[in-house]
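Examination of the molecular architecture
Listed below, chain by chain, are the residues.
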Amino acid sequence: MVLPLSSINTGGSAKILALANPPLMAGRLSDLGFEPEAVTCVLRKRKGNIAAYLVRGAVIALREEDSRMILVEALS
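Keep in mind it's a predicted model, so treat the numbers as computed, not measured.

1. Side note on the overall build of the chain
Regarding its fold elements, the chain presents two helices and six strands. Moving toward the C terminus, one meets the helices and strands of the chain in the order β-β-α-β-β-β-α-β. Projected onto its principal axes, the C-alpha positions of the chain cover 30 × 25 × 25 Å. When the 76 residues of the chain are sorted by exposure, 30% land in the buried category. By sequence separation, contacts in the chain at least 24 residues apart represent 59% of the contacts at least 6 residues apart. Of the roughly 4,700 Å² that the chain leaves accessible, carbon and sulfur atoms contribute 56%. Averaging the positions of the 9 positive and the 7 negative side-chain charges in the chain gives two centres separated by 9 Å.

Next up, the structure:
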């Protein structure tokens, strides 16, 4: 099932399927390493809307509105 990355809980992993529009943000996310591969949510801020994801050996924090643009498939 296809979900936005923002729906993955802390400790959960997913495979990136696609980056949604707008093209400028999709390009930025791609440059940060959000490509078709596995990603893990390593931290979610209790207040606010920021989460950190492990991507290609680096931890990258994204706002919820940006992580909603990344479409993933949850891994078990």
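Text resumes after the structure shown.
2. Topic: the sheet that holds strand 1 (residues 2-4)
Sheet architecture is open: six strands sit in the order 1-6-2-3-4-5, paired in antiparallel fashion. The open sheet has two free edges, formed respectively by strand 1 and strand 5 (58-63), since each of these has just one partner strand. Adjacent strand axes in the sheet meet at a mean angle of 45°, parallel and antiparallel pairs treated alike. In this sheet, strand 4 (residues 50-55) lies alongside strand 3 (residues 38-44) in antiparallel orientation, the contact comprising four bridges. Note on strand 4: the bridge partner recorded for Thr40 is Leu54.

About the criteria used
Residues numbered from 1 in each chain as written. Predicted model: local features only at pLDDT ≥ 70, side-chain atom pairs only at ≥ 80, totals over all residues. Heavy atoms only, no water. Helix = DSSP H or I, 4+ residues; strand = E, 2+ residues; numbered from the N terminus. Buried < 20%, exposed > 50% of the residue type's maximum accessible area, 1.4 Å probe, protein only. Contact = heavy atoms within 4.5 Å. Areas by Shrake-Rupley, 256 points an atom, 1.4 Å probe, with all protein chains shown as cover. Lys, Arg positive; Asp, Glu negative; His and termini not counted. Charge placed at Lys NZ, Arg CZ, Asp CG, Glu CD. Pairing = 2+ DSSP bridges. Axes fitted to C-alpha atoms, helices over the stretch in contact; angles between N-to-C directions.

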